[in-house]
Amino acid sequence: MRKLLCPQCKVPVFYVKNGQGERLPVYITDEGQVVPRVEGESLMGFNLDTVYCMGCSWSGSPRQLARL
């Protein structure tokens, strides 16, 4: 699985938030699919339309991510 990178700092690790503000670390595959960093975690209830970079202050749509 190839991972997409942050367009600003080139880090491949992001997180998503739910309505309570909880964070879940995720990767974004080269097909644009959001995948939990820890296998078996559920994405239920998390907003997958906006991802937040763990390496810098960038946030946005998974479609804006860079390919290596």
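That block above? That's the structure.
Just so it is clear, the model here is predicted, and its values are computed rather than measured.

Enquirer: If you had to explain the overall build of the protein to someone new, which residues and values would you point to?
Expert: Looking only at helices and strands, the protein has zero helices and five strands in total. Secondary structure elements of the protein occur, N-terminal to C-terminal, as β-β-β-β-β. The globule rule puts the C-alpha radius of gyration for 68 residues at 11 Å, and the 11 Å found for the protein is close to it. The dimensions of the protein, computed from C-alpha atoms along their principal axes, are 30 × 25 × 15 Å. Burial statistics for the protein: of 68 residues in total, 35% are counted as buried. Accessible surface, the protein: about 4,400 Å² in total, of which carbon and sulfur atoms supply 46%. One way to put it: in the protein the 8 positive side-chain charges average out to a point 10 Å from where the 6 negative ones average out.

Enquirer: How would you explain the nonpolar core if you had to name every residue and give the values?
Expert: Core analysis: the biggest nonpolar cluster contains 13 residues, and F14, V16, V26, I28, V51, W58 and L65 have the highest contact counts within it. Counting residues per element, the ones that place at least two in this core are strand 1 (14-17), strand 2 (23-28) and strand 4 (51-53). Other than its neighbours up to four places away in sequence, V51 contacts F14, Y15, V16, I28, W58, S59, G60, S61 and P62.

Enquirer: Please give an account of the side chain of N18 that cites residues and values.
Expert: Tracing the backbone through its elements, the reader meets N18 in the loop between strand 1 and strand 2. A distance of 3.1 Å separates a polar side-chain atom of N18 from the backbone nitrogen of Q20. Among the polar contacts made by the side chain of N18, one reaches the side chain of E22 at a distance of 2.6 Å. Look past the residues within four positions of N18 in its chain and what remains in contact with it is G45 and F46.

Enquirer: Give me the lowdown on the environment of P36, citing residues and values where you can.
Expert: The topology assignment puts P36 in strand 3 (residues 34-36). For P36, a relative accessible area of 17% puts it in the buried group. Spatially, the C-alpha atoms of P36 and V26 are 4.3 Å apart, while their sequence positions differ by ten residues. Not counting chain neighbours up to four residues away, the residues in contact with P36 comprise P25, V26, E41 and L43.

Enquirer: Which residues make up the packing of aromatic side chains, and what values go with them?
Expert: One pass over the structure, following the stated rule, counts two aromatic pairs. Here Y15 and Y52 contribute two aromatic rings whose centre-to-centre distance is 5.2 Å and whose plane-to-plane angle is 15°, an arrangement assigned as stacked. One end of the pair, Y15, is in strand 1; the other, Y52, is in strand 4, with 37 residues separating them in the sequence. Taking the ring centre of Y52 as reference, the NZ or CZ of K17 above it sits at 4.8 Å.

Reading the values: rules and limits
- Residues numbered from 1 in each chain as written.
- Predicted model: local features only at pLDDT ≥ 70, side-chain atom pairs only at ≥ 80, totals over all residues.
- Heavy atoms only, no water.
- Helix = DSSP H or I, 4+ residues; strand = E, 2+ residues; numbered from the N terminus.
- Rg over C-alpha atoms; globule rule 2.2 N^0.38 Å.
- Buried < 20%, exposed > 50% of the residue type's maximum accessible area, 1.4 Å probe, protein only.
- Areas by Shrake-Rupley, 256 points an atom, 1.4 Å probe, with all protein chains shown as cover.
- Lys, Arg positive; Asp, Glu negative; His and termini not counted.
- Charge placed at Lys NZ, Arg CZ, Asp CG, Glu CD.
- Core = buried A, V, L, I, M, F, W, Y, C linked by side-chain atoms within 4.5 Å.
- Contact = heavy atoms within 4.5 Å.
- Polar contact = N/O pair within 3.5 Å; in protein donor to acceptor, adjacent residues only side chain to side chain.
- Phe/Tyr/Trp six-rings, centres within 6.5 Å; stacked < 30°, edge-to-face > 60°.
- Lys NZ or Arg CZ within 6 Å of the ring centre and 35° of its normal.

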